[in-house]
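Okay, here's what each chain looks like letter by letter:
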Amino acid sequence: MMTNDQMLSRVPEEQRKLRANDREFNRSFRYATNSIKTSKYNLFTFLPLNLFEQFQRIANAYFLILLVLQLIPDISSLSWFTTVVPLVLVLSVTAAKDAIDDIWMDVQVGDIIKLENNQFVTADLLLLSSSEPLNLVYIETAELDGETNLKVKQALTVTGDMGDSIKDLAAFNGEVCCEPPNNRLDRFTGTLTFTGQKYALDNERILLRGCTIRNTDWCFGLVIFGGQETKLMQNCGKTIFKRTSIDHLMNVLVLCIFGFLAISCSILAIGNRIWEQQEGSTFTAFLPRQDGVNAPFSAFLTFWSYVIILNTVVPISLYVSVEIIRLGNSYYIDWDRKMYHARSDTPAEARTTTLNEELGQIKYIFSDKTGTLTQNIMVFNKCSINGKCYGDVLDYTGQRLEITEQTDSVDFSFNQLADPKFMFYDQSLVEAVKLENTEVHAFFRLLALCHTVMAEEKNEGDLLYQAQSPDEGALVTAARNFGFVFRSRTPESVSIVEMGVQRCYQLLAILDFNNVRKRMSVIVRSPDGKLTLYCKGADTIIYERLHLSCSKLMEVTTEHLNEFAGDGLRTLALAYKNLDEEYFREWKERHHEASTSLEDREEKLDLLYEEIEKDLMLLGATAIEDKLQDGVAHTIEQLAKADIKIWVLTGDKQETAENIGYSCNMLREEMNDIFIVAANTPEGVREKLRHARSTMKPDSVVPDESVTGEYGFVINGQSLAYALEPTMELEFLRTACMCKTVICCRVTPLQKAQVVELVKKYKKAVTLAIGDGANDVSMIKAAHIGVGISGQEGMQAVLSSDYSFAQFRFLQRLLLVHGRWSYLRMCNFLRYFFYKNFTFTFMHFWYAFFCGFSAQTVYDEWFITLYNLVYTALPVLGMSLFDQDVSDSWSFEYPQLYVPGQLNLYFSKTAFMKCALHSCYSSLVLFFIPYGAIYDTVKNDGKDIADYQSFALLVQTCLLVAVCIQLGLDMSYWTAVNHVFVWGSLAMYFIVTFTMHSNGMYLTFTSSFPHIGTARNSLSQPNVWLTILLTSILCVLPVLTHRFLLIQLQPTVNDKVRLKVRQMKAAPPPPPRRIRMRRTSSRRSAYAFSHAQGYGDLVTSGRFLHRQVKPRSTGFTPTGRTLNFSPAGRSAGYSPTAQNQNSKGDLEPTALQMYRTKQPSY
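Computed from a predicted model, the values in this text were never measured in an experiment.

Student: Break down a nonpolar patch on the surface for me, with residues and values.
Tutor: Taken together, the side chains of I263, I267, F849, F850, L924 and F928 define a hydrophobic patch exposed on the protein surface, amounting to about 540 Å² of accessible area. Looking at the secondary structure, you find I267 in helix α10 (residues 245-278).

This is the structure in structure tokens:
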């Protein structure tokens, strides 16, 4: 009899119930284990699933049916093994490249597990306890949302008291009742019942699978969801069998060929019946019919006999060759040294061999931002202080020099606490610091004090900063190198080293950042008792609060800000204000009242902040470069020239995504308009979409992507949720497709996949998704092609991808070179393969009218066996593996060469029909010219040569020479291998033919080699060679004429480029000029766009500080003006995770603890 728990397990899960350390109880619910499978197969399902997938190819199913027919003696004139061997070979080659499992951890729901610093969280856990004060745990969520700044989680006090006591943890028997598995990353609801008390659980208590433990020695967690039920895996799309568009087209064409085959066989069967009724009776005297076989039954058998004979219209060798070609082109990607990233020792990898030609047809690219386009590195590039701009390198004439890797860096050796990775160019800024310029010192003092960065110093002078945003880390690092070193902090103080002197500032208040304020301020008291408010934020916000006396300085600083923005840099304005002691005391009392208010707390605090943050004195501005990966902007530019549309789908903030769009030149101020969709209701989103469409195409009444001008489109996650609803998805798609650039920000992993699926559903285009984190897996699986970048966010994206490499810039080579070549080679292969086999097969059709429709073959049996296997296999493989229309350098010089692949111009139904008509013409020439030439013909000695064997030899020789000449015309790039394959195959044909027609073979295997002496007798006649020459000329003459006229009258992009290459005598093109991108851009605040609210409370709460600050040396040498300065190179980058950018998982722990509390302490 079933228990209640067992009955519950049979119905859909409405809520989850589990008990800690009780596997028997939890097992009754049949919860998922923590096994994760990233492959399509396992040991038991491999054979059936793989065969099922392969027999979805109609041709494979056809060959299976053909094999059955060949087992019937009355029908088949060929041996069964001629089909079995190639069929088994095809299935084996295809099956050999599948199935790898990825099992993460053998744990079950209800287990308690221990995690240590830098380990991945491998299941969804309820945090129980940790090594940190107040049971805090610091996690990095890059795998989930792409953000690398640390986040904090806290355990309940009742469970945190267990600490790391194994005895207490083993005895813990709390029961959790919570929501069922779902894909909401930002929400969790549940309760914990323990010792008779019930405790509320929310998302702050949960560690999700895919996070990484940082700065925490250890923690213990209770498994809530495991395996496929984790929120990460709920957001991952289902693994699907991916097939190329050529595969789908081949299925359609094969169906058409089967129809043609059925019609042809029916015609020949009808012909057989007519012939048997009218002529067959005259042959029964010496060729009697079998018992029970009359004309209708003979026609029935003839139909199936011709099905076997004419099966070469779709030879199984086609699929063997396709697999070999795909495998070879995959190896080219693996072996490409130009896609190898030496710094991280990461080569490119083709993780599938079935999708190569699809890389040459991409129309839409969906890209993640963080870690895919960017390096998560911020660079302090320039600044403006008191009206003077710093950061450029000038020559002796005052002209700005371009900064290169060879440019010497500024010498910071005077500062022993400087970051050795930080570099700066402009020596005049260091001069100003050493000359103790008051404004310059105030500028860097502000940067060293006004922030929420945490510092850890494990060894003397070895500072490690952990910042909530990478921008802050870059600014504090810059101040550190210029002599204002942030050293440590407590809830009430900030300690810095100013030009070698240790100073401790009393931290009186932090006026925290939020998205409305777009600024943060600190109020400090200096060691000499002076009260000062330091403020940094978006320049437009700061300007509104400046004192009137700053108007002149503001004008000059504005010019500098415009220049910084033109260089694509992220800007911040800095200001300060000296405060009156009495006023501040009164303000602080009101601030304390507002911060402890239970009603309208945020509004009251905002009013107080507005009150004190006015009449500020402007210090200057900073300019930070959001470090893109190398070559991103150039790659995007090249892909745009190839008419590939790039959509950025990111979980990051809207403003940060926009900045990246500007940095990589996807968004430009020259655009006609940039539409921002950030509505909170479906009606609001619909109105925004309609407004955008009417602006771009005011007179449009039908869906039309063609617009005049260039537009950008930015939409946030909440609006996207409404836009993806069935009633609005077409409106969204139409609007987005009319824009040149589309950026979707604050999107969930599932929304990324939904956007990809939407484009796949309504657009007849091939899609590619590229990302580097687990939050990109769903869209990688959804797209036709998935590309994983092996970056800093783990290997989940790589494991789910079809192709992987280390840098976004390699995508350019993957598509414009490997993809285009693969597509071109595959299309040339298919056109030529169908041509040679259709021509081969049509000859049987014509011959049927001369052999009484008796299913006799026009060629000898050995030629039929070796035609596709030996005589024509290597030449076509050589073309398909080595052919190039132009070199890789010319492919980059002319990205427009990629467009024909998007339009399916090289192989389509139309191209197939042309190929069939060409084959029909060639077969007529190759059959009737030799027939007429040999009819009633005698040799020089007067003997007749018009016998079947001589005719068969002449026809097959003409056929082989003609198809080899056609191959030579189709091939653009001859290599030594191609010469060996083509000439070697022709030589092999004559060697094998003369051998098989020799006396020795006849005497040894009489029944198998009946054509004794045919080759030497026929090929010794001049008229035979004249016939071969004539048929070859007649076969290629229309092709040459057609191509000549097309090149002259309607030249394609390929024709034009190849002509230019020939004119340049195949010299490599000049390297593309790398033009420095400059824009008249609106300024964008770095700080306001990457910071988050709440960290001011965290800093002043004191809950994250547990280590005592030890006395330290200042680490400075005496300062003074130095004369030997040299200009330097680009600034070193700041990584928000403070780790080596190419290492994987070896981050040293730091002392950053972040905890947001509602009760500030002073």
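Student: Residue-level account of the sheet that holds strand β27 (residues 711-716), with values.
Tutor: The 9 strands are arranged β12-β31-β30-β29-β13-β25-β28-β27-β26 in an open sheet whose pairing can be described as mixed. At either margin of the open sheet sits one strand with a lone partner, and together these are β12 (349-350) and β26 (673-677). Relative to β27, β26 is paired through 5 bridges, and the arrangement is parallel. When the sheet's bridge partners are listed, D673 is paired in β27 with Y711. Lying over the sheet, helix α22 (residues 682-696) contacts β26 and β27, oriented at roughly 170 degrees with respect to β26.

Student: Lay out the sheet that holds strand β7 (residues 190-194) with the relevant residues and their values.
Tutor: Taken in spatial order, the 4 strands line up as β1-β6-β7-β8 in an open sheet, and their pairing is antiparallel. Bordering the open sheet on either side are β1 (16-19) and β8 (197-201), each of which pairs with just one other strand. Strand-to-strand twist of the sheet, defined as the mean angle between neighbouring strand axes without regard to direction, takes the value 20 degrees. Direction of pairing for β7 relative to β8: antiparallel, over a ladder of 5 bridges. Bridge pairing links T191 to A200 in β8.

Student: Tell me about the pairing of strand β28 (residues 741-745), and please be specific about residues and values.
Tutor: Taken across its 5 residues, β28 has 5 buried, putting it largely inside the fold. Side chains of β28 alternate between two faces, with T741, I743 and C745 and V742 and C744 buried alike. Inspection of the sheet shows strand β25 (residues 645-649) paired to β28 by 3 bridges, in the parallel sense. Across the sheet, V648 pairs through a bridge with I743, a residue of β28. Here 5 bridges tie β27 to β28, and the two strands are oriented parallel to one another. Note on β28: the bridge partner recorded for I715 is C744.

The rules behind these values
Residues numbered from 1 in each chain as written. Predicted model: local features only at pLDDT ≥ 70, side-chain atom pairs only at ≥ 80, totals over all residues. Heavy atoms only, no water. Patch = residues over 30% accessible without salt bridge, like charges linked within 9 Å, V, L, I, M, F, W, Y side chains within 5 Å. Areas by Shrake-Rupley, 256 points an atom, 1.4 Å probe, with all protein chains shown as cover. Salt bridge = Lys/Arg side-chain N within 4 Å of Asp/Glu carboxyl O. Helix = DSSP H or I, 4+ residues; strand = E, 2+ residues; numbered from the N terminus. Pairing = 2+ DSSP bridges. Contact = heavy atoms within 4.5 Å. Axes fitted to C-alpha atoms, helices over the stretch in contact; angles between N-to-C directions. Buried < 20%, exposed > 50% of the residue type's maximum accessible area, 1.4 Å probe, protein only.

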